[in-house]
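Each chain, written out:
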Amino acid sequence: MDDSTAAEPVSLALTVNGRPCTVRIDPAATLVEVLRDELHLTGTKVGCDRGACSACTVWLDGEVVASCMTFALDARGKSVTTIEGLAQGDRLHPVQQAFVEHDAMQCGFCTPGMVMSCAHLVERNPDCTLDDVRGAIGGHLCRCGAYPNIFKATLAAATTLRQRKQGDSA
Amino acid sequence: MNTVQWIDARSVEEAVALLSAPAANGTIAKAGGLDVLDLMKEGIVTPARIVNLQRIDALRGVQFSDASGLRLGALTTLAEIANDASIRRHYPALAAAAVHAATPQVRNAATIGGNLLQRPRCWYFRNELFHAARNEIGREQAQYGAIFDNATSTMVHASTPVTALVAYDARVHVVGKQGKSRTIALSDFLLPPDFDRDRDTTLAGDEVLTHVSVPPVAAQTTAAYHKQTERDSYDWPICDVAVVLTTGDRKVDAAKIVVGAVAPVPRRMTASEKLLLGREIDEQLAAEAGRLAVRDATPTAKNSYKVPVLEAVIRRTIMAAIR
Amino acid sequence: MSASEDPREGRTILTGIVGDALQSATRSIPAGEPPELPPNSELRVIGKRVNRVDAVPKVTGQARYTFDVQLPGMLYGRIVSSTVPHARIKSIDTSAAQAHPGVRAVHILDRIVGIAQLRDPAAEANERYPLVRYHGQPIAAVAATSMRAAKAAAKLVKIEYERLPHVTSLEAAMQQDAPVVFPGPTEQAATAGGGGAAPGLPQEGNLRGPARGGLGGGPRGDVQQGFAQAERLLTREYRTQVQTHTPMETHGLVADWRDDELTLYASTQFVLSVRDEAADIFQLPKEKIRVISEFTGGGFGAKFGIGNYGSLAIHLSRKARAPVRVVLDRREEHVSVGNRPSSIQRVKLGAQRDGTLTALQVESYGTGGVAAGAGVGFCQSTMYPIPNLLTEHYDVFTDAGPCAAFRAPGQVQGIFALEQALDELAVELDVDPLALREKIDTNDTDDARARRVERRIGAERAGWSQRRPPAADPGPVKRGLGMAQSQWAYIVHGTTTCEVRIRGDGSVAAITGAQDIGTGTRTIMAQTVAEELGLQTEDVEARIGDSRYPAGPAAGGSRVTSSITPAARNAAYAAARDLAARVAPALEAKAEEIVFQDGRVFARGRPERGLTFKEAVRQASFDEIVQRADRREDYDGYRAKLGDLHISKQGIGGVQFAQIAVDTETGVVKVERIVAVHDCGRPINPKLIESQIYGGVIQGVSYALYEERHLDPGTGVQLNANIDQYKIVGSRETPDIDVHIIEQLGRQSSTDARGVAEPANVATAAAIANAFYNATGKRIRTLPMTPANVLAALRAADAADDEEPA
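Thresholds, definitions, all that
Residues numbered from 1 in each chain as written. Chains lettered and ligands numbered in written order. Predicted model: local features only at pLDDT ≥ 70, side-chain atom pairs only at ≥ 80, totals over all residues. Helix = DSSP H or I, 4+ residues; strand = E, 2+ residues; numbered from the N terminus. Buried ≥ 20, exposed ≤ 12 C-beta atoms within 10 Å, placed from the backbone. Contact = placed C-beta atoms within 7 Å. Nonpolar A, V, L, I, M, F, W, Y, C, P; charged D, E, K, R; others polar. Pairing = 2+ DSSP bridges. Axes fitted to C-alpha atoms, helices over the stretch in contact; angles between N-to-C directions. Left-handed = near helix turned anticlockwise from the far one by under 90°. pLDDT = per-residue confidence, 0-100. Expected span 1.5 Å × (residues − 1).

Engineer: Describe the overall build of chain A, naming the residues involved and giving the relevant values.
Structural biologist: Looking only at helices and strands, one finds five helices and five strands in chain A. Secondary structure elements in chain A, listed N-terminal to C-terminal, are β-β-α-β-β-β-α-α-α-α. Referenced to the eigenvectors of the C-alpha coordinate spread, the extents of chain A come out at roughly 65 × 35 × 25 Å. Across the 170 residues in chain A, those meeting the buried criterion constitute 61%.

Engineer: Describe the interface of chain A and chain C, naming the residues involved and giving the relevant values.
Structural biologist: Interfaces are often sized by the amount of accessible area the parts lose when they come together. On the chain C side, the residues contacting the 47 residues of chain A number 47 residues. Going through the elements one at a time, α2 (94-101), α3 (111-124) and α5 (147-169) of chain A are the ones with two or more residues in the side of chain A that touches chain C. When residues of the side of chain A that touches chain C are assigned to their parent elements, the largest contribution, four residues, is made by α2(A). Looking at the side of chain A that touches chain C residue by residue, the classes come out as 22 nonpolar, 15 polar and ten charged.

Engineer: Can you explain the sheet that holds strand β2 (residues 19-25) of chain A? Please cite residues and give values.
Structural biologist: Residue and element names in this part refer to chain A. Pairing in this open sheet of five strands is mixed, and the strands run β2-β1-β5-β3-β4 from one edge to the other. Edge positions in the open sheet fall to β2 and β4 (63-66), since each of these has one partner strand only. Within this sheet the neighbouring strands show an average axis-to-axis angle of 40°, counted without direction. Pairing of strand β1 (residues 10-16) with strand β5 (residues 79-81), which is carried by two bridges, proceeds in the parallel orientation. The residue bridging Val-16 from the neighbouring strand is Val-80, located in β5. Sheet strands in contact with α3 are β3 (57-60) and β4, and its direction is about 40° off that of β3.

Engineer: Just give me the short version of the interface of chain B and chain C, but keep the residues and values in it.
Structural biologist: Facing the 24 residues of chain B at the interface are 28 residues of chain C. A total of four residues in the side of chain B that touches chain C trace back to one element, the largest contributor, which is helix α13 (residues 306-322) of chain B. For the side of chain B that touches chain C, the class distribution of residues is eleven nonpolar, eight polar and five charged.

Engineer: Give me the lowdown on the packing of helix α14 (residues 560-583) of chain C against helix α15 (residues 613-620) of chain C, citing residues and values where you can.
Structural biologist: Residues and elements named next belong to chain C. The interhelical angle for the contact between α14 and α15, taken along N-to-C directions, is 65°, at an axis separation of 9 Å. Viewed along their axes, α14 and α15 form a crossing whose handedness is left-handed. Of the residues in α15, those in contact with Leu-579, Arg-582 and Val-583 of α14 are Ala-616, Val-617, Gln-619 and Ala-620.

Engineer: Outline the confidence of the model for chain A, supporting the account with residue identities and numerical values.
Structural biologist: For chain A, the average pLDDT comes to 94, and 95% of its residues sit at 70 or higher. Contacts for the low-pLDDT stretch residues 1-6 of chain A, under 50 throughout, to residues beyond four places or in other chains number ten contacts.

Engineer: Outline helix α2 (residues 34-41) of chain B, listing residues and values.
Structural biologist: Residues and elements named next belong to chain B. Burial analysis of α2 places eight of its eight residues in the buried class, which makes it a mostly covered element. Of all the positions in α2, only Leu-34, Asp-35, Val-36, Leu-37, Asp-38, Leu-39, Met-40 and Lys-41 are classed as buried. Buried residues along α2 sit in contact with β2 (27-30), α6 (104-109) and α7 (112-117). A positive phi of about 80° marks Gly-43, the residue just after α2.

Engineer: Requested: an account of the sheet that holds strand β14 (residues 262-266) of chain C, with residues and values cited.
Structural biologist: Residue and element names in this part refer to chain C. With mixed pairing, the seven strands of this open sheet are ordered in space as β5-β7-β3-β16-β13-β14-β15. The strands lining the two open edges of the sheet, one partner per strand, are β5 (103-108) and β15 (289-292). Along the sheet, successive strands turn relative to each other by an average axial angle of 20°, direction set aside. Of the pairings in the sheet, the one linking β5 to strand β7 (residues 138-144) comprises five bridges and is antiparallel in character. From the neighbouring strand, Ile-108 faces β7, where its bridge partner is Ala-140. Contacts from helix α6 (residues 271-282) reach β14 and β15, with the element oriented near 145° to β15. Those strands touched by helix α7 (residues 307-320) are β3 (75-81), β5, β7, β13 (252-257), β14 and β16 (324-327), and its axis lies near 25° from that of β13.

Engineer: Could you give an account of the environment of Gly599(C), with specific residues and numbers?
Structural biologist: All names here are of chain C. With respect to the helices and strands, the residue Gly-599 is situated in the loop between β24 (594-597) and β25 (600-603). Since 16 C-beta atoms lie within 10 Å of it, Gly-599 is described here as partly exposed. In this structure, the C-alpha to C-alpha distance between Gly-599 and Leu-688, residues 89 residues apart in sequence, is 24 Å. Residues in contact with Gly-599, not counting those within four places in the same chain, are Gly-534, Leu-535, Thr-612 and Phe-613.

Engineer: Tell me about α14(C), residues and numbers included.
Structural biologist: With 24 residues, α14(C) extends 33 Å from end C-alpha to end C-alpha; this agrees with the ideal 34 Å at 1.5 Å per step. With respect to burial, α14(C) is a largely interior element, 19 of its 24 residues being buried.

Engineer: If you had to explain the confidence of the model for chain C to someone new, which residues and values would you point to?
Structural biologist: Summing up the model confidence of chain C, the mean pLDDT is 96 and the portion of residues at 70 or higher is 98%. Here the prediction assigns the complex a pTM of 0.97, and the interface score ipTM is 0.97.

Engineer: Would you mind going over the pairing of β25(C) in detail, with residue names and values included?
Structural biologist: Within a regular beta strand, the side chains point alternately toward one face of the sheet and then the other, so they alternate between its two faces. Residue and element names in this part refer to chain C. Pairing of β24 with β25 involves four bridges; the strand directions are antiparallel. Looking at the pairing, Ile-594 lines up with Ala-603 of β25. What sits between β24 and β25 in their antiparallel hairpin is a turn of two residues, with Asp-598 showing a positive phi close to 50°. Pairing geometry for β25 and strand β26 (residues 611-612), over two bridges, is antiparallel. Across the sheet, Arg-600 pairs through a bridge with Thr-612, a residue of β26.

Engineer: Quick rundown of the environment of Val62(B)? Include the residues and the values.
Structural biologist: All names here are of chain B. Tracing the backbone through its elements, the reader meets Val-62 in strand β4 (residues 62-65). Val-62 gets classed as partly exposed once you count the C-beta atoms within 10 Å, which come to 19. Separated by 36 residues in sequence, Val-62 and Ala-98 have C-alpha atoms that sit 14 Å apart. If we skip the residues at most four places from it in the chain, Val-62 touches Leu-72, Thr-76, Glu-80 and Asp-84.

Engineer: Outline the environment of Ala351(C), supporting the account with residue identities and numerical values.
Structural biologist: Residue and element names in this part refer to chain C. Along the chain, Ala-351 falls in strand β17 (residues 343-351). For the pair Ala-351 and Ala-448, spaced 97 residues apart in the sequence, the C-alpha separation amounts to 20 Å. Excluding residues that lie within four positions of it along the chain, Ala-351 makes contacts with Ala-230, Arg-232, Thr-356, Leu-357, Thr-358 and Leu-425.

Encoded structure:
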């Protein structure tokens, strides 16, 4: 019979959270499928599976992407950072810490993606404004409506990062 | 979503060869891959083979010179367009259109080539069911559809950067078999979206879009772009408007007014353009241009609201362009 | 034991609103209740802005949702749904799917849950398969070793339909000659989350009703007489749309069928409803089913029971003898597992010149698709003391996915009409809308008392005194300010038990079989226990999410905090007294002198001689103290008991003010600021309460401005069953939200805590609509306020057909 779904697996080598790894995947697999189903990194969520809610946000070579709309093979040789790779051991990223303190979550399902976008923003632009935060998460959906606290948390984290940088340069 | 064979093309020539091979039936070319993935997930395309263009360096890069204008490699991402200093300076309407497209995540991956070639976002088109049961499409439900040129279809082209590019007289460069290249005005390249075609452009199945070029703008040219949406966060347009004006001694020497999401393809509002020529723009004249633009609209039952919205947005964008 | 049977004692307590009017009163309280808590300002942990205890797992991706459950050998289930809106299934051929590589099981559903059921099942008893009544109705499912294989195989299931005529719109379904969705009268049971419809109502064609009255009681007085007494009559029609819940985590269940036990991992608002529905459908003893729900990615009312998807997962697991995961995709989520019904509400309101209401009549129609329960709430009856009242509601069946309880079911629609009608009345009478409420909002209930304070605070914060006359802005963008009141029932879940354990090492756990949909259940439970034991929140491990734990409440109806915290406090109180008796000798004190405070244990008045909590436990030397307490009945009893859903005579609510800008050329409405002043009894954790109010307001804005399910009339297909075209408030539409919470000590339980989730989104749409009038001088009586609806409202001649009183 015509077995159109039996995958002819291909090899994919990439770096995930600093660790090189190689997996055999279906060529049509998306990045999020590989992260969750092959590498069991289930912190990255899927909300819409069409790039419209951004719950699946990860960093690909340092840029935010929707991992549900990224062919896994487009990540070949690249470096992926997921929510599991953001904290340094027990030391939370300033955005994670600020999310905790400002209660920037409710059900928490959109939170990993939100954190990845907000952390990307503050690292890129520690002088970010409220409007920048709104823009950075303009493609994210939080159905519980945690936005006001996400704004506060991200701006607070940016302040922390600025202070750290001043401390470093002093 | 069935599984596929994946082939990396290393050059434009190789890509063309892969796309034109006798076994090329069921082959699809991908750049950023967003629209291909979406269509695959919806069951609208079921390619047997994906030709990946991402590794062709010749398709990359943004180049600008005062003399020759702008060249955008097909793999240029929307984020690169939005952030490029020369584009922001010389083609602000294009930069604004890129800034307001999709989400930050999508802009980082979506290429200008893929953006121009994406299929319509019509909610009938994006549902597998209506590809099988074409006769069941409920035209009257098209509240986001065309209010012009909609006698046969209300589907509109999904790209918003295209509205600005048409206003800047962009041209599209494609390469086909035996290295045969074509250059087409973008406005001629785009076709009204159609269920029965594989693409909504004049690109042939065995051609590769290599780059987009935009001529230099004349001195004393100003421009503005506005995408009118229901929401400010990621949203599709009710309409979008690009206005490019060249003025001398405060009077308009040349005008381009292009509107998107209100006709199957971006539509130049020539009567409104003509109205502006030789005159000094003020609110009243801009309002008159807006009125003139929508005079011939033929909205459907559910999208007549788009007519006054477009009228206002044209007026506002003209005013923004002279500021 | 019920409250009435308990021995009682009289206590003199302080009751009322802190900072406003606390007064001394004597209450009859069941004996043995812990001493009443003082106002929050005198407490150490309760009432404090404590961080969510499970925030770290959520921000690090470690929190495990049902979506994330991966078991050894787990199969992936994919549902086969109907591709027609109304049909008889003639045949189903699963052979190709069965034969597909990787497929381990295929199952065809023989029973559909969550929809209206024929009162007389005989009418369809001979059908081989359940009739298809909406596009996207689940029919069968496939389990395979990968999702890709399951999807491919699902497409191979061949279904032959005999099409039947269908109808998808409310108005079309109301026509005499409309296709009929159900061949006979139906009944609709409620879920643990609410919903359901009054039993035994007449049904003609697609119209089921009228239902008169409801939660707030039946008709009262004589409306004709009331209208005759009126000096002003207002007749208006309001319309609301179908909204879908759209939780970020779609519905899902992982079923692991073993010979001796069925384990279910569920994204749910109530683990026990999952257990009970599975026990019912699969004829299993409840103790053989274990339900686990560590984290639930939102629910909003739609996640109760196992649903058809869960039933399929269990069937497939039983057949395949392997765990099976069935998680809906976004389209299935929009279409098949619930929505807020639409409404058409014809409101007739009679009043005297001074604002006194003489009569209210509401005739309403709503469609919840193939489910009944599309009523418009109870506000008409419970909010204002209107002497003459008649509400008549009809459910209208359509070939569309079933409705489900959705954050303040019915009340959101009802308040949109009622609170806008009152605003219209205020304009007619030329009185300030707040002054009108002051005149008529006079019920002898805690929520009415709270609203009086909330109006005052809200008016000040919103700058009400600077409110301008309608349409004051000359330009195309017009700004306005409006207000509306919110009310919801104060609900207690009858069967709630909490267990507190103090272990020999000094660690403390609080355990109940609740679940958390994002409100912070673990946190408020830990805070309550910590307060009683003189500890910090993080010293108490809160364990929930397992049906094997002592029964917890449903996370629906804003009843978790009101149910859990008194049980948790009473259990902690008993544990503390137990520990006190054991440690008293070491402190040379009597047990009743022992106090727990700031991590220390000491005799009252002698803190210097105390021990740390851990030392005290060590000296008392025991393995474990285990104390359980049930949620006792409210001290003053209830207005009604519907199973475990106990409804207080008191309500909860708030007052919201909206400041908006209307672009009258594009029809785009921007909500700039919302002031939300709310009561929830004693606030246990203002940080979490603020989060919930933010969420309620944002959902209210979203409902008012954007959300709408679009069905294709020709096919019954939902056209916008995704996230980009089903539009929801995003970051850029989030208004500035100013939340103020009042502290009301109702003295009905040992914590005085009440819910807040639902009242937070009840008033928002009405407040925005009233602001729209203030901005533009035009009324918008149709939701959502999309450019199309806004421009139509602005164009409309104001054609309200006010009758002059006879």
